[in-house]
Amino acid sequence: MDLRQLRYFVAVAEELHFGRAAERLHIVQPAVSQQVRRLERSLGVALFLRTTRSVVLSEAGQRFLPHARAVLSAADRAADSVAEFRDLRLLRLGTSEGLGDRLDLLLGSFARLAPSVSLELVHAPTAQRLERVRDGSLDATIVRGSWPSSGLDFTPLWMDEVWVALPASHPLAASTEVTFASLASLPVRLSPPSRNRPLFDLVVSCCRSAGFEPVLGRDFTTAQDTLGTLGFGRPHWTVFYRAHANLLPVPGVVFRPLRDPTPRMQTYLATPSERRVTPEVVSLIEAARTIEAG
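Residues numbered from 1 in each chain as written. Predicted model: local features only at pLDDT ≥ 70, side-chain atom pairs only at ≥ 80, totals over all residues. Heavy atoms only, no water.

Considering the pattern of salt bridges
Across all of its chains, the model carries 16 salt bridges by this definition. D2 is the salt-bridge partner of R4, the closest N and O atoms lying 4.0 Å from each other. Using a relative accessible area of 12% as the deciding quantity, one classes R4 as buried. Note that R92 and D139 form a salt bridge whose closest N and O atoms lie 3.0 Å from each other. You can see R92 sitting in strand β3 (residues 90–95) and its partner D139 sitting in the loop between α6 (126–135) and β5 (140–144), a full 47 residues away along the chain. A residue is classified by how much of its surface remains accessible, and R92, at 25% relative accessible area, is partly exposed. Through salt bridges with shared partners, one network takes in D101, E161 and R242. (Salt bridge = Lys/Arg side-chain N within 4 Å of Asp/Glu carboxyl O. Buried < 20%, exposed > 50% of the residue type's maximum accessible area, 1.4 Å probe, protein only. Helix = DSSP H or I, 4+ residues; strand = E, 2+ residues; numbered from the N terminus.)

Below, the structure is given as structure tokens:
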């Protein structure tokens with residue numbers, strides 16, 4: 001067993017609800033369920049009695065709970081005893097292209113909640129940022145969509161709308177919204193699955209829901225290069241997150257909301273599973289919630 005499993009167990013024992021415990025711990029519910037089951041396997045007993053409607057402590061769980069609390073309390077006291085020797089004033093946060101005004105709002109909200117903490121922003125491909133969170137060279141990173149989760153916890157931050165980018169000269173540009181079905185005959189430029197599997201899968205899934213298989217054009221390279229060619233030559237389309245599109249006024253290109261279906265991507269904060277979530281990271285999560293609520 002490890003301290004993380006004990007923390008998850010105590011949270012579920014006090015909430016008697018895996019969803020509420022996950023919200024309290026700032027992580028996703030499957031991670032809580034997985035770690036509690038691992039703890040039960042390591043102990044060889046069931047700590048909870050689960051039904052489709054309720055979760056209650058088993059007799060073994062009731063006996064184990066005060067000991068788990070005592071271990072966690074001792075661990076917290078041990079950590080607090082050396083707090084004055086730690087530098088908790090720096091948060092190393094991984095970011096990515098395309099966060100747009102979401103990142104501006106997040107940083108502003110974080111500065112108000114934690115004015116004494118310095119932020120170091122690190123830009124790198126998603127896979128590299130996730131590995132750096134695992135090895136401890138980053139405290140956390142913002143990611144969109146689902147990625148391999150070994151050694152990581154993912155806290156939901158916000159949902160991002162995905163918009164279409166079209167040549168301003170195309171007839172669809174006159175619409176205030178664009179349906180997926182109306183794009184069926186046009187090639188689409190997307191980042192390949194090797195670079196951005198979640199967004200590729202989301203767009204392809206939406207196209208199929210609208211009744212067609214997308215015509216894949218050249219790969220999406222960079223925002224600047226892709227938008228630079230969008231208004232010229234053979235008409236095509238691509239997608240941008242709304243928060244990014246708001247910062248990209250490009251001559252000859254328009255951005256429009258999509259519907260039927262409406263694509264949205266979950267954004268997460270990835271943190272290491274094996275290390276305690278720091279107060280700085282908790283403040284960052286709270287900052288994200290304030291801008292989502294707003």
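From this point, things continue past the structure.
A word on the pairing of strand β10 (residues 238–241)
Residues T238 and F240 point to one face of β10 and V239 and Y241 to the other, with burial holding for every one of them. One ladder, built from four bridges, connects strand β6 (residues 152–167) with β10; its direction is antiparallel. Across the sheet, the residue bridging to A165 is T238, located in β10. (Pairing = 2+ DSSP bridges.)

Some details on the pairing of β5
In terms of burial, β5 is a largely internal element, five of the five residues being buried. Here β5 shows no split at all, with A140, I142 and R144 on one side and T141 and V143 on the other all buried. Looking at chain direction, β3 and β5 are connected through two bridges and run parallel. Counterpart to L93 in the pairing with β5 is A140. Sheet topology places β5 next to strand β12 (residues 264–272); four bridges connect them, and they run antiparallel. Residue pairing across strands places T141 opposite A270, the latter belonging to β12.

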